[in-house]
Amino acid sequence: SPWLATQTSHLTSTFRSSSFVVFCLLTPTRACDLKLPHCTVSTPVFMPVGTQGTMKGITVDQLDDLGCQICLGNTYHLGMRPGPELIEKANGLHGFMNWKRNLLTDSGGFQMVSLVELSEVTEEGVKFKSPYDGKEILLSPEQSIAIQNSLGSDIMMQLDDVVSSTVTGPRVEEATWRSIRWLDRCIAANKNPDRQNLFAIIQGGLNAELRKACLDEMTKRDVPGFAIGGLSGGEEKDDFWRMVTLSTDHLPREKPRYLMGVGYAVDLVVCVALGCDMFDCVFPTRTARFGSALVPWGSLTITKKQFAKDLQAIDPDCQCPTCRRHSRAYLHALFKSDTAAMHHITIHNISYQLTLMRSMRQSIIDGRFPDFVRTFMKRMFPSPEQYPGWAVDALGTVNITLN
Ligand SMILES: [Zn+2]
């Protein structure tokens, strides 16, 4: 078998435990057991996004029933309202949400730059006006870590200087070097390195030289994991996968890689092939609210007239609570009168993402991942001529041929 199954010390001293890791010897693909404080996470993994301590359109019990082992908490919203003090009193975000599994929190920086118009980045941190009371607030690396320490998340993200992936020039260079300096400030500020794992975020935009420099610098730090940042922001897919490959080529094999903001099924499959372990994206839950259900052959817009009399489940092969109970026709009718339809589709879409990741993991462990990819693509696209060129190229570089 070309696959190496090994019991190895997977993570740094922060985790102090050994993990199961399967590396493919032909491709950068891997499957791991990530030992986190609240439970073991099977990778590759998709992490649903929560906001203000609750998932949009789904409860924590439903998320638990779907077998979700880790989800995202939103630092920007939680840091503003109800505020870190109240959440600390409620035994952290886990207690506040009543969520027994793992949580990953972001630094809060991305939301500030993307949601708050009046934000300004200086060496000190991100300055912005509170959308609630107009007061000037500074989110420094130290402040971001203090909030995340109060939230008690299992994985925390460093504050980084975020620039859009379509921006080029000196601003990208400034942001990259600043993110490295802020990483050091975040490491120094972490009060709970024994139970809260701080991930670095690799920046560098679409500039290969700069991204490589950032990789060289950040991998000198003994952080428990690395995120690949600054992508999935509207750049060309060709630039996207080349930057992912550059990153996974230079990240340490024994630490988890989290590709931020990626959640389309094809992107997930390709980026797992390129060696990424963790993903998050608002897409599956956001699209559900518009009546779009994810299926192995693309998506169904349940509001379309063609489903008004269709008594099949969204996906007859899907085992989720929605597909076991409800037909397309019922959801179509319900969507017109009740937000419950959105909740049903949200559950299905999260189930779709988690099931996709589990099937990929099993195929990696069984040593048949390239076959999985071929079957997946055949099902997703009506004919090979419709395979996206970038996906064919990316998979080709890791010895997965599609025809
Ligand atoms: Zn379903």
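Note that this is a predicted model, so its numbers are computed, not measured. (Residues numbered from 1 in each chain as written. Predicted model: local features only at pLDDT ≥ 70, side-chain atom pairs only at ≥ 80, totals over all residues. Heavy atoms only, no water.)

Within the protein chain, the regular secondary structure consists of 16 helices and 17 strands. A total of 403 residues make up the protein chain; the buried ones form 57% of that total. Relative to all contacts within the protein chain whose residues are 6 or more apart in sequence, the contacts with residues 24 or more apart total 65%. Carbon and sulfur atoms form 51% of the exposed surface of the protein chain, whose accessible area is close to 17000 Å². (Helix = DSSP H or I, 4+ residues; strand = E, 2+ residues; numbered from the N terminus. Buried < 20%, exposed > 50% of the residue type's maximum accessible area, 1.4 Å probe, protein only. Contact = heavy atoms within 4.5 Å. Areas by Shrake-Rupley, 256 points an atom, 1.4 Å probe, with all protein chains shown as cover.)

Sheets are built from strands paired through backbone hydrogen bonds, the pairs being either parallel or antiparallel. Across the sheet, eight strands lie side by side as β5-β15-β14-β13-β12-β11-β7-β6; this open sheet has parallel pairing. Bordering the open sheet on either side are β5 (45-47) and β6 (70-73), each of which pairs with just one other strand. Here the average twist between neighbouring strands, direction ignored, is 25°. Bridge count between β5 and strand β15 (residues 278-280): three bridges; the pairing is parallel. (Pairing = 2+ DSSP bridges. Axes fitted to C-alpha atoms, helices over the stretch in contact; angles between N-to-C directions.)

Let us now look at the coordination of the zinc ion. For the zinc ion, every protein donor is listed as Cys318 (SG), Cys320 (SG), Cys323 (SG) and His348 (ND1), and the spread of their distances is 2.1 to 2.3 Å. Coordination at the zinc ion is tetrahedral: its four donor atoms span angles of 100 to 117° at the metal. Considered as a linear motif, the donors of the zinc ion on their single chain read C-x1-C-x2-C-x24-H. Taken as a pair, Cys318 and Cys323 share a single burial class, namely buried. (Donors = N, O, S within 2.8 Å, 3.2 Å for Na, K, Ca; no water. Tetrahedral: all angles 85-135°; square planar, octahedral: opposite > 155°, others 65-115°.)

UniProt marks Asp106 and Asp280 with the feature "active site" (unreviewed entry), using the numbering shown here. Maximum C-alpha separation among the annotated residues is 11.1 Å over a sequence range of 175 residues, consistent with a single clustered spot. Inspection of the secondary structure assignment puts Asp106 in the loop between β7 (102-105) and α5 (109-115). Polar contacts involving the side chain of Asp106 include one to the main-chain amide nitrogen of Gly108, which spans 2.8 Å. Counting through the fold element by element, Asp280 comes out in strand β15. In this structure Asp280 comes out as buried when scored by relative accessible area, which is 10%. Residues in contact with Asp280, not counting those within four places in the same chain, are Phe46, Met47, Val49, Leu72, Tyr258, Leu259, Met260, Gly261 and Val262. There is a polar contact of 2.8 Å between the side chain of Asp280 and the side chain of Tyr258. (UniProt positions renumbered as here; feature names shortened; annotations may be inferred. Polar contact = N/O pair within 3.5 Å; in protein donor to acceptor, adjacent residues only side chain to side chain.)

On to the confidence of the model for the protein chain. On average, residues of the protein chain score 89 in pLDDT, and 90% of them reach the 70 mark or higher. In this model, residues 1-18 is a region of pLDDT below 50 whose contacts with residues beyond four sequence positions or in other chains number 56 contacts. (pLDDT = per-residue confidence, 0-100.)

What follows deals with helix α9 (residues 237-250). With 14 residues, α9 extends 20 Å from end C-alpha to end C-alpha; this agrees with the ideal 20 Å at 1.5 Å per step. What α9 keeps buried is the set Phe240, Trp241, Met243, Val244, Thr245, Leu246, Ser247 and Thr248. Where the residues of α9 are buried, they touch α8 (208-218), β13 (225-228), β14 (257-259), α10 (265-273) and α16 (389-397). (Expected span 1.5 Å × (residues − 1).)

Before going further, it helps to spend a moment on the packing of aromatic side chains. By the definition in use, this model includes five aromatic pairs. Each ring, one from Phe240 and one from Trp390, has its centre 6.3 Å from the other, and the planes form 80°; the classification is edge-to-face. Of the two residues, Phe240 sits in helix α9 while Trp390 sits in helix α16, which places them 150 residues apart along the sequence. Its relative accessible area of 2% is what places Phe240 among the buried residues. Plain terms: the ring middles of Tyr264 and Phe283 are 4.5 Å apart, the flat faces sit at 70° to each other, and that makes the pair edge-to-face. Within this pair, whereas Tyr264 is found in the loop between β14 and α10, its partner Phe283 is found in helix α11 (residues 283-288), the two being separated by 19 residues in sequence. Through a chain of ring-to-ring contacts, the aromatic side chains of Phe369, Phe372 and Phe376 assemble into a single cluster. (Phe/Tyr/Trp six-rings, centres within 6.5 Å; stacked < 30°, edge-to-face > 60°.)

How two helices pack is summed up by the angle between their axes together with the distance between the axes. For the pair helix α14 (residues 340-365) and helix α15 (residues 369-380), the least separation of the axes is 8 Å and the interaxial angle reads 145°. Side by side, α14 and α15 meet where Tyr352, Leu356, Ser359, Met360, Ser363 and Ile364 of the first sit next to Phe369, Phe372, Phe376 and Met380 of the second. In the contact of α14 with α15, the residues fall into eight nonpolar, two polar and no charged. (Nonpolar A, V, L, I, M, F, W, Y, C, P; charged D, E, K, R; others polar.)

Within the open sheet, the three strands sit side by side as β8-β9-β10. Their pairing is antiparallel. The strands lining the two open edges of the sheet, one partner per strand, are β8 (119-121) and β10 (136-139). Across this sheet, the average inter-strand angle for adjacent strands is 20°, counted without regard to direction. Here β8 pairs with strand β9 (residues 126-129) via three bridges, running antiparallel. Across the sheet, the residue bridging to Ser119 is Phe128, located in β9.

Below, the discussion takes up α16. When we look at burial in α16, the residues that qualify are Trp390, Ala391, Ala394 and Leu395. What you see down the axis of α16 is that its buried residues fit within an arc of 125°, all on one side. Residues of α16 that are buried sit in contact with α9, α10 and α15. Phi turns positive one or two residues past the end of α16, at Asn399, with a value near 65°. (Arc of directions from axis to C-beta.)

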